[in-house]
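What the coordinates show
Read off the chains here:
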Amino acid sequence: MQIRFWGTRGSLPAPLTTAAIREKLKAALAAAQGIRLDTPAAIDTFIAELPFSTSSTFGGDSSCVEIIDGEDNHLICDLGSGARRYGIEMLGRYGPKQPQTYHVFMSHLHWDHIMGFPFFPPAFIPGNRILIHSCHPEAGAAFRRQHGAPSFPVDFSQLPAAIEFVQLQPGVTSGIAGYRVTPLLQRHAGDSYGYRFEKNGKCVVYSTDSEHRTEQSEETEAFAAFFRNADLVIFDAMYSLADAVSVKEDWGHSSNVIGVELCQLAGAKRLCLFHHEPVFGDAQLEDILRQTRRLEEITRDGAPLEIISAWDGLVIEL
Amino acid sequence: MRMEVSAERRENTGVVAVRGRIDHLNATAFHDALKPYLEGCRDGNGLVLDLSGLDYISSAGLRIFMIAAKQVRTGNGRIAVAQMQPLVREIFEISHFHLVYEIFSTLDEGVAALGRAVEITAA
Ligand SMILES: [Zn+2]
Ligand SMILES: [Zn+2]
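The following refers to the structure shown. (Residues numbered from 1 in each chain as written. Chains lettered and ligands numbered in written order. Predicted model: local features only at pLDDT ≥ 70, side-chain atom pairs only at ≥ 80, totals over all residues. Heavy atoms only, no water.)

Let us look at the overall build of chain A. Summing up its helical and strand segments, chain A has 10 helices and 14 strands in all. Taking 318 residues into account, the globule formula puts the C-alpha radius of gyration at 20 Å, and chain A, at 20 Å, falls close to it. Projected onto its principal axes, the C-alpha positions of chain A cover 60 × 50 × 40 Å. Within the span of chain A, comprising 318 residues, buried residues form 55% of the whole. Considering only contacts within chain A whose residues lie at least 6 apart along the sequence, 71% involve residues at least 24 apart. Accessible surface, chain A: about 13600 Å² in total, of which carbon and sulfur atoms supply 55%. Between the mean site of the 27 positive side-chain charges and the mean site of the 39 negative ones, chain A shows a separation of 4 Å. (Helix = DSSP H or I, 4+ residues; strand = E, 2+ residues; numbered from the N terminus. Rg over C-alpha atoms; globule rule 2.2 N^0.38 Å. Buried < 20%, exposed > 50% of the residue type's maximum accessible area, 1.4 Å probe, protein only. Contact = heavy atoms within 4.5 Å. Areas by Shrake-Rupley, 256 points an atom, 1.4 Å probe, with all protein chains shown as cover. Lys, Arg positive; Asp, Glu negative; His and termini not counted. Charge placed at Lys NZ, Arg CZ, Asp CG, Glu CD.)

This is the structure:
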């Protein structure tokens, strides 16, 4: 199983700016002093050794994550702005004449999780089937409203693909495209749902836009059970813990610290920090990753937990 | 999971020693144990939490530290932590709680700093 991240930013897309690119160039050129870069191979090696925040970017698209299993099933979690690039890739791969079925799993209906759909090319291809799985009964209304005038020129009813809304129930496991899929209710304005996907002995949990009150031990144990032995937990780590429990309490998001704790309780193998704060630059996100790895190291009690920070384009092999 | 809270009084500053581990299973009990000392920490009074015996704190325990800091500051009291073990200090910093709490290396420094604060407030 592979997980591909098409959008990793929380709340609002956050494109890289000219000023940020200049800072990267300055840092790279400073690091290049005294190094021979007279062949393309030498340049590639030099770039590979730069810090991620200098050579690359976490990206700015909002939530969209693909689950790949090599069997031509198309599973996507959320349709944030990252769905645009995902859809272009699918159109490039299959063209307009090879109809496909897409299974979408919606954490919830906030705009950063649905805004990519009007720009999702497979919806404009006749013959395609798009099943939007959601625990929110109002999912259809939210998608139709987004497509309605005056917000968008093409009404939802005019989309050529066959689009169906499938109601899921929290706590009830469904068999979908060969996966066992279990949703869990999460603490977030208007509710959100995490999804646990299991297939062929592999397990990934997608749990974003979820605030945790870890002092409520039953709730904490319920999440530990939901994450139990997962190969990967994709986790809303938008804020620092201090912010999450003070000025941003009740804003519906969590922190890297709680992600580490819940994954340790659950015996999960990998934690992926996700739904990045749009205000944070690449250096800050890289620093949060470094600190999170350190926290895991000093609080480890048993097998190590691998810590990853999601970026647009990242592929994780499970 | 054992956790203990005990208190002494030094001049104008209360000292509460916190020992053991605080996690999601005992954070509420920790809050209950701390409450009586928080209520007295107002109108210029200081409270130093002696963390020399604290071996581990989870996010659930840190949330109680946040509630304590808010309550004390609302009542014009002062609260600080002292003598943290290196592990707990790192957890504090990674959680950004060093931005919430004044941290002192020794208890004496903490008591002196908060004691002075009482005098300044009184003057
Ligand atoms: Zn969101
Ligand atoms: Zn949301």
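Let's pick the thread back up.
All names here are of chain A. Note on the zinc ion (ligand 1): its protein donors are Asp112 (OD), His113 (NE2), Asp209 (OD) and His275 (NE2). The metal-donor distances range over 2.1 to 2.2 Å. Taken together, the 4 donor atoms coordinating the zinc ion (ligand 1) and their angles of 88 to 166° define a geometry best described as irregular. Between consecutive donors of the zinc ion (ligand 1), the numbers of intervening residues give the motif D-H-x95-D-x65-H. Taking relative accessible area as the criterion, Asp209 reaches 2% and is therefore assigned buried. (Donors = N, O, S within 2.8 Å, 3.2 Å for Na, K, Ca; no water. Tetrahedral: all angles 85-135°; square planar, octahedral: opposite > 155°, others 65-115°.)

We now examine the coordination of the zinc ion (ligand 2). Ideal geometry at a metal centre gives angles of 109.5 degrees when four donors are arranged tetrahedrally and 90 or 180 degrees when six donors are arranged octahedrally. Residue and element names in this part refer to chain A. For the zinc ion (ligand 2), the protein coordination sphere consists of His108 (NE2), His110 (ND1), His188 (NE2) and Asp209 (OD), at 2.1 to 2.5 Å. Seen from the zinc ion (ligand 2), its 4 donor atoms lie at angles of 89 to 172°, and the figure they make is irregular. All donors to the zinc ion (ligand 2) come from one chain, and their sequence spacing reads H-x1-H-x77-H-x20-D. The two metals, the zinc ion (ligand 2) and the zinc ion (ligand 1), are separated by 3.6 Å and share Asp209 as a common coordinating residue. Exposure remark for His110: the relative accessible area of 32% places this residue in the partly exposed category.

Turning our attention to helix H7 (residues 217-226) of chain A. Every buried residue of H7(A) is listed here: Glu219(A), Thr220(A), Phe223(A), Ala224(A) and Phe226(A). In an axial view of H7(A), the angular spread of the buried residues amounts to 160°, which keeps them on one side of the axis. (Arc of directions from axis to C-beta.)

Another aspect to go through is the sheet that holds strand E1 (residues 3-10) of chain B. Residues and elements named next belong to chain B. With mixed pairing, 5 strands are arranged side by side in an open sheet as E1-E2-E3-E4-E5. Looking at which strands have only one partner, the edges of the open sheet turn out to be E1 and strand E5 (102-104). The mean inter-strand angle of the sheet, taken between neighbouring strand axes irrespective of direction, is 25°. Judged from the 3 bridges that link them, strand E4 (residues 78-82) and E5 form a sheet pairing that is parallel. Pairing of Ala80 across the sheet is with Glu102, part of E5. (Pairing = 2+ DSSP bridges. Axes fitted to C-alpha atoms, helices over the stretch in contact; angles between N-to-C directions.)

Right, let's get into the interface of chain B and chain A. Contacts between the two partners involve 21 residues from chain B and, on the opposite side, 22 residues from chain A. When chain B packs against chain A, the two sides together hide about 1900 Å² of surface, and 60% of this comes from carbon and sulfur. Area buried by chain B at its contact with chain A is led by His24(B), Arg63(B) and Ile94(B), which between them contribute 38% of it. Between the two partners, chain B and chain A, sit 3 salt bridges. (Buried area = accessible area lost by both parts, 1.4 Å probe. Salt bridge = Lys/Arg side-chain N within 4 Å of Asp/Glu carboxyl O.)

This paragraph deals with the pattern of salt bridges. Residues and elements named next belong to chain A. Overall, the coordinates contain 28 salt bridges over all chains when judged by the stated rule. In this structure, the salt-bridge partner of Arg85 is Asp61, at a minimum N-O distance of 3.2 Å. In this pair, Arg85 sits in helix H4 (residues 82-94) while Asp61 sits in the loop between helix H3 (52-55) and strand E2 (64-68), placing the two residues 24 residues apart along the sequence. For Asp69, the salt bridge goes to Lys199, with nearest N and O atoms at 2.8 Å. Remark: Lys199 occurs in strand E9 (residues 192-199) and Asp69 occurs in the loop between E2 and strand E3 (74-77); sequence separation between them is 130 residues. Its relative accessible area of 18% is what places Asp69 among the buried residues.

The values reported here are purely geometric and, on their own, carry no functional implication.
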